[in-house]
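Chain by chain, the residues:
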Amino acid sequence: MFIEDDVIRLHVELELPEQTTGAVPLLILIHGFTGNMEEAHLLAVRDGVRQLGFAVLRAEMYGHGQSGGSFTQHNLYKWLNNALTVIDYARSLEGISDLYLCGHSQGGLLVMLAAAMKADVIKGLVLLSPAAMIPENAREGTLLGIPFDPYHVPEQLAISEEETLSGNYIRVAQTIYPEQIAPGYQGPVLIVHGEADETVPVQVSKDCSSLYEQSKLVLIPGDTHCFDVHADQMVTAVTDWLRKQR
Ligand code: FER
C-alpha cells in the first residue's frame, strides 16, 4: 500500500495482531540509512510485537525501499516530513488505541526528533542502535568514516561503489541538534544497543539515555548494529518493555 507525502509515495505495510478484540495499540517501525522494511531485525520486531497484540505499521522513507525519491537526494528533513505524515496516517486509522514509535539507527535519530514534535500523541518510544551522532559528525566533517570539509561541503559524496549522497544531506544534518530537540519528548523511552556495534558506538545510546526523563537502556553483549547475533534478545527487550507500558 502507498500513502502520499505531498507528491512522494511512501511505501507502508500495516499488519494487525494475530488476535484482535477491540482497539489495539500500534507500533510504527522505521528502518535506517540504506535500509528497508524487509530487514531481518525489523521483521523480528514485527513478529514479536504482533504476538503481544500490537498492530505494526512498517514504513519506508524517501529514497529507500519502494518509496519515492532517490537515495542520493534523501535527507533528514525529508524523512522528518515523511515520519509526520506516517504518524498522521496512523492516527487516522480506526481501531487503534495508543501509538508507539520505533526506529533503527538513522531511523532511531528520526523518531527521536519526530517523538519530540508529536509528544502529545506518542505513548512510548523505542530506539534501536540510534545514530544520534550523525549531526555532530556532519559538523565535524565525517560521514560513515569518510572525511570531508564541513565548511565547504562537497556537491556529492561517494559512500560506496554504487551510491552517492548529495551534499545537501550533510548541510541538513549540520543544522540538527538532537540533544536540544529530543528532551521535548517526556514519555517513556526504551533504547536497545549491541555492544559490538561497529557502525554506531554504544556510547551514543548511553548519551541518548541521559537526554530523557524516563529511559531504560538495554545493552546486548556481543551484538552488532543490526542485531545479527542476538535478535531474539533485542526483541525480548522490546516486548517486555512494551508489555509494561500498556
Ligand atoms: C554515519 C553512521 C551511521 C552515518 C549514518 C549512519 C550518514 C547510519 C546508519 C544506519 O542508519 O544504519 O556516519 O552517516
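Heads up: these notes are all about the structure in this document. (Residues numbered from 1 in each chain as written. Predicted model: local features only at pLDDT ≥ 70, side-chain atom pairs only at ≥ 80, totals over all residues. Heavy atoms only, no water.)

**Overview of the pairing of strand β2 (residues 8-15)**
As defined by bridge partners, strand β1 (residues 2-5) adjoins β2 across 4 bridges and the pair is classed as antiparallel. Across the sheet, residue Asp5 finds its bridge partner in β2, namely Ile8. Judged from the 4 bridges that link them, β2 and strand β4 (residues 55-59) form a sheet pairing that is antiparallel. Of the residues in β4, the one forming a bridge with Glu13 is Arg58. (Pairing = 2+ DSSP bridges. Helix = DSSP H or I, 4+ residues; strand = E, 2+ residues; numbered from the N terminus.)

**Regarding the site of the ligand**
In the vicinity of the ligand, the contacting residues are Gly32, Phe33, Ser105, Gln106, Met133, Ile134, Leu143, Leu144, Tyr169, Thr199 and His225. Gln106 is positioned with one of its backbone polar atoms (N or O) 2.9 Å from an oxygen atom of the ligand. In this structure, His225 approaches the ligand through a side-chain N or O atom, which is 3.0 Å from an oxygen atom. Compared with its free state, where it exposes 370 Å², the ligand has 93% of that area covered by protein. More than half of the atoms of the ligand fall within 2 Å of the grid points belonging to the largest pocket. Classifying every residue of the shell around the ligand by side-chain character gives 6 nonpolar, 5 polar and no charged. (Near = heavy atom within 4 Å. Polar contact = N/O pair within 3.5 Å; in protein donor to acceptor, adjacent residues only side chain to side chain. Areas by Shrake-Rupley, 256 points an atom, 1.4 Å probe, with all protein chains shown as cover. 1 Å grid on protein atoms, 1.4 Å probe; cavity = no way out; pocket = protein on both sides within 12 Å on 5 of 7 lines; lining within 4 Å. Sits in = over half its atoms within 2 Å of the grid points. Nonpolar A, V, L, I, M, F, W, Y, C, P; charged D, E, K, R; others polar.)

**Observations regarding the packing of aromatic side chains**
What the rule picks out here adds up to 3 aromatic pairs. Of the aromatic side chains, those joined through ring pairs into one cluster are Phe33, Phe71 and Tyr169. The ring of Phe2 is capped by Arg9, whose NZ or CZ atom sits 3.7 Å from the centre of that ring. Positioned above the aromatic ring of Tyr177 is the side chain of Arg139, whose terminal nitrogen or guanidinium carbon lies 3.8 Å from the ring centre. (Phe/Tyr/Trp six-rings, centres within 6.5 Å; stacked < 30°, edge-to-face > 60°. Lys NZ or Arg CZ within 6 Å of the ring centre and 35° of its normal.)

**Describing unusual backbone geometry**
Although it is not a glycine, Thr34 adopts a positive phi angle of roughly 65°. Position of Thr34 among the secondary structure elements: in the loop between β3 (24-30) and α1 (40-51). The phi dihedral of Leu144 falls on the positive side, at around 50°, and the residue is not glycine. Looking at the secondary structure, you find Leu144 in the loop between β7 (142-143) and β8 (146-147).

**As for the sheet that holds β3**
Reading across from one edge, β1-β2-β4-β3-β5-β6-β11-β12 is the order of the 8 strands in this open sheet, with mixed pairing throughout. Of all strands in the sheet, those with a lone pairing partner are β1 and β12 (214-220), marking the two edges. Adjacent strand axes in the sheet meet at a mean angle of 20°, parallel and antiparallel pairs treated alike. Docked against the sheet, helix α3 (residues 106-117) engages β3, β5 (96-104) and β6 (124-128), running at close to 135° with respect to β5. (Axes fitted to C-alpha atoms, helices over the stretch in contact; angles between N-to-C directions. Contact = heavy atoms within 4.5 Å.)

That is the geometry; function is a separate question.
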